[in-house]
Amino acid sequence: MERLEEAGFDPFNTSLDPQQARRIVQDACAGGDDGELFLERRQSQSLMFDDQRMRNAAYQVDEGFGLRAVIGETAGYAHSTDITEAALQRAAESTRFALGNGGGQMAVAPASTGRQKLYAETDPDGEADFAHKTALLQSIDSYARGKDSRVIQVSASLVTSLQEVIILRPCGLLASDRRPMVRLNVAVIVEDNGTRHSGSAGRGGRHMLEPLLVSEIWQGLVDEALRIALVGLRSEPAPAGVFDVVLGPGWPGILLHEAIGHGLEGDFNRKGTSAFAGLMGTRIAAPGVDVVDDAVLPGRRGSIEIDDEGTPGQTTLLIEDGILVGNLQDRQNARLTGVESTGNGRRQSFAHAPMPRMTNTFMRNGTEKPAAMLAELRDGIYAVGFGGGQVDITNGKFVFSCTEAYRVRNGEIGSPVKNATLIGDGATALQKIKAIGDDLDLDPGIGQCGKNGQWVPVGVGLPSLYISGLTIGGQAT
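Since the structure is predicted, the reported quantities are computational estimates derived from the model, not experimental observations. Every chain is numbered independently, its residues counted from 1 as its sequence is written. Local features are withheld for residues below a pLDDT of 70 in this predicted model, meaning they are given only at 70 or higher, and side-chain atom pairs are given and counted only at 80 or more; totals for whole chains, interfaces and linings count all residues. Remark: hydrogens and water are excluded; side-chain values derive from all non-hydrogen atoms of the structure.

## Some remarks on the overall build of the protein chain
Secondary structure elements are taken from DSSP: a helix is a run of H or I of four residues or more, a strand is a run of E of two residues or more, and numbering for both begins at the N terminus. What the protein chain contains, in helices and strands, is ten helices and 24 strands. Dimensions of the protein chain along its principal axes, counting C-alpha atoms only, are 70 × 55 × 35 Å. Here's how the labels work: a residue is buried when its accessible area is under 20% of the maximum for its type, exposed when over 50%, partly exposed in between, all with a 1.4 Å probe on protein chains only. Looking at the protein chain as a whole, 52% of its 477 residues qualify as buried. In this analysis, two residues are considered to be in contact whenever any of their non-hydrogen atoms come within 4.5 Å of each other. When contacts within the protein chain are restricted to residue pairs at least 6 apart in sequence, long-range pairs at least 24 apart make up 75% of them. Accessible surface area values rest on a Shrake-Rupley calculation with a 1.4 Å probe, where residue burial reflects the displayed protein chains alone. About 19400 Å² of surface is accessible on the protein chain, with carbon and sulfur atoms providing 48% of the total. Only four residue types enter the tally: Lys and Arg on the positive side, Asp and Glu on the negative side; His and the chain ends are excluded. All charge positions are set by atom: Lys at NZ, Arg at CZ, Asp at CG, Glu at CD. Seen as two clouds, the 45 positive and the 60 negative side-chain charges of the protein chain have centres 3 Å apart.

## Quick notes on the layout of surface pockets
There is about 1100 Å³ of room inside the largest pocket. Elements with a contribution of two residues or more to the lining of the largest pocket: strand S6 (173–192), strand S7 (195–205), helix H5 (215–233), helix H6 (253–261), strand S16 (379–391), strand S17 (397–409), strand S21 (441–442) and strand S22 (447–451). When residues in the lining of the largest pocket are grouped by element, the largest group, eight residues, is from S7. Roughly 590 Å³ of volume is contained in the second largest pocket. Two kinds of site are reported from a 1 Å grid over the protein atoms alone, namely cavities, where a 1.4 Å probe fits but cannot get out, and pockets, open sets with protein on both sides within 12 Å along at least five of seven lines, and residues are called lining when an atom falls within 4 Å of a point. If you trace the second largest pocket, you find 27 residues lining it, with Arg42, Ser161, Gln348, Gln448 and Pro457 closest to the centre. Of all elements in the fold, only strand S2 (34–50), strand S3 (53–71), strand S5 (151–168), S6 and strand S23 (454–462) reach the threshold of two or more residues within the lining of the second largest pocket. Among the residues forming the lining of the second largest pocket, the class breakdown is nine nonpolar, eight polar and ten charged. Grid points are joined across faces, edges and corners, and a volume is the space filled by probe spheres set on the points. For this classification, the nonpolar set comprises Ala, Val, Leu, Ile, Met, Phe, Trp, Tyr, Cys and Pro, the charged set comprises Asp, Glu, Lys and Arg, and every other residue, Gly included, is treated as polar.

## What about the pairing of S2?
Bridging between S2 and S3 involves 17 bridges; their strand directions are antiparallel. Bridge pairing in S3 links Gln45 to Tyr59. Two elements, S2 and S5, share 14 bridges in a ladder whose sense is antiparallel. The residue of S5 that forms the bridge with Arg42 is Gln163. For two strands to be treated as a pair, DSSP must find no fewer than two bridges joining them.

## Here we look at the environment of Glu191
Mapped onto the fold, Glu191 is located in strand S6. A residue is classified by how much of its surface remains accessible, and Glu191, at 28% relative accessible area, is partly exposed. In this structure, the C-alpha to C-alpha distance between Glu191 and Leu213, residues 22 residues apart in sequence, is 29 Å.

## Thoughts on the nonpolar core
Within soluble globular proteins, side chains that are nonpolar tend to cluster in buried spots. Nonpolar core, defined: a set of buried Ala, Val, Leu, Ile, Met, Phe, Trp, Tyr and Cys residues in which side-chain atoms within 4.5 Å join the residues together. Of all hydrophobic cores here, the largest spans 42 residues; its most connected members are Val289, Ile319 and Leu422. Looking at which element gives the most residues to this core, the answer is H6, with five residues. Setting aside anything within four residues of it in sequence, one finds Leu422 in contact with Val245, Leu247, Leu255, Phe386, Phe398, Val399, Phe400, Cys402, Leu470, Thr471 and Ile472. Counting 26 residues, the second largest nonpolar core, distinct from the first, contains Ala128, Ile140, Ala144 and Trp218.

## Points about the pattern of salt bridges
Just to be clear on terms, a salt bridge is a Lys or Arg side-chain nitrogen sitting within 4 Å of an Asp or Glu carboxyl oxygen. What the rule picks out here adds up to 30 salt bridges. Among the salt bridges present, the one from Asp34 reaches Arg169, with a minimum N-O distance of 2.5 Å. Of this pair, Asp34 sits in strand S2 while Arg169 sits in the loop between S5 and S6, and the two are 135 residues apart along the sequence. The same class applies to Asp34 and to Arg169, which are both buried. Residues participating in the shared-partner salt-bridge network are Asp50, Asp51, Arg55, Asp141 and Arg145.

Structure follows, in structure tokens:
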């Protein structure tokens, strides 16, 4: 954190005077407990190549500010795309209404712990121009169609963005960050004897675009998407009933994110609406289960050097050896519960107020060998890939669809199954963990999380996991 005078406050070369901005923010938050001015500029380019032609090409620049004043559980928030003193003054007049008669005590600004450099602060496009990107997407299409005659459709998309943020606090301290992001996605549809199936794969993160342009990388994505589609062609209806399940490593961590991670966010726990509310210090999972939210993994999609309130990102231990030891906090919920912010105050854009959100959430490694875990399955399901899911935060009940799963009998992986859904609740599933693999993997950088209408990039991860007695929705046998 720096002071205006030291940092040369320059909100995107606008006419906004730094000292006047500070005075307006101070006035807007006077009598409150907290508040900040959040300035943002985001430039992004997205390309979609579908069915052998460029279907969409878009370049967009958005900028604006959000001004917040907080007292107790109440927050006033105003935002505008017009970064001028007049617009800021109008916003301040609106946010002051939330403070009523005041009486708050202004919270101390976030302390700087020395920012960790997690990503380059440059345009992720580098030297890759529009022609280069178009050629890449055309090559993906040609390569996929040449791999297998059953490929009837190919879609490839490429998105790059650079988000610049400045956070100004009433005391004059500020924080800033420049956050790059890239993502490449490939999807294919195959057809054989009138049966169709799709498969997809992607990769990305907070790094330069250049690594995704390497042929081994994008060809690997095509190969994976095609493999998943071909597996689907030979899949059989999933059984219905209660089965032991082994989850594969990496992307299946989305189940951990949804069924457990959201329930450990500070707002849900403070309000008592989470299934895990009031359980701090008690056992909520099997021994050996360690779950963390880690914002400081270099280059990862969910990583942040500072959150959207200016608090440095950090590693937060949530579950230790099965015991609930932490929640994810923004400044408001942390203050109201008498704890410190964990640097998880995040927002979609300047038009949104921050709230507790995950960054990169995963379960740490265990000691079991995945092959040994599968060998123990007498009659179960090996779930490797997941699609959409639904979770009720109040009771932790979840329903997740599998995009790739296999029937396992007597320790042998058999036929792939389709339309399998995992049904249960997070609290019970945590207690039913029988073994944790030693093969922790993180997702390939494609995660996006929605909460209260806001979307932010996240990461998930998991080692292979043996869970006993999960309900599988499928076809009754």
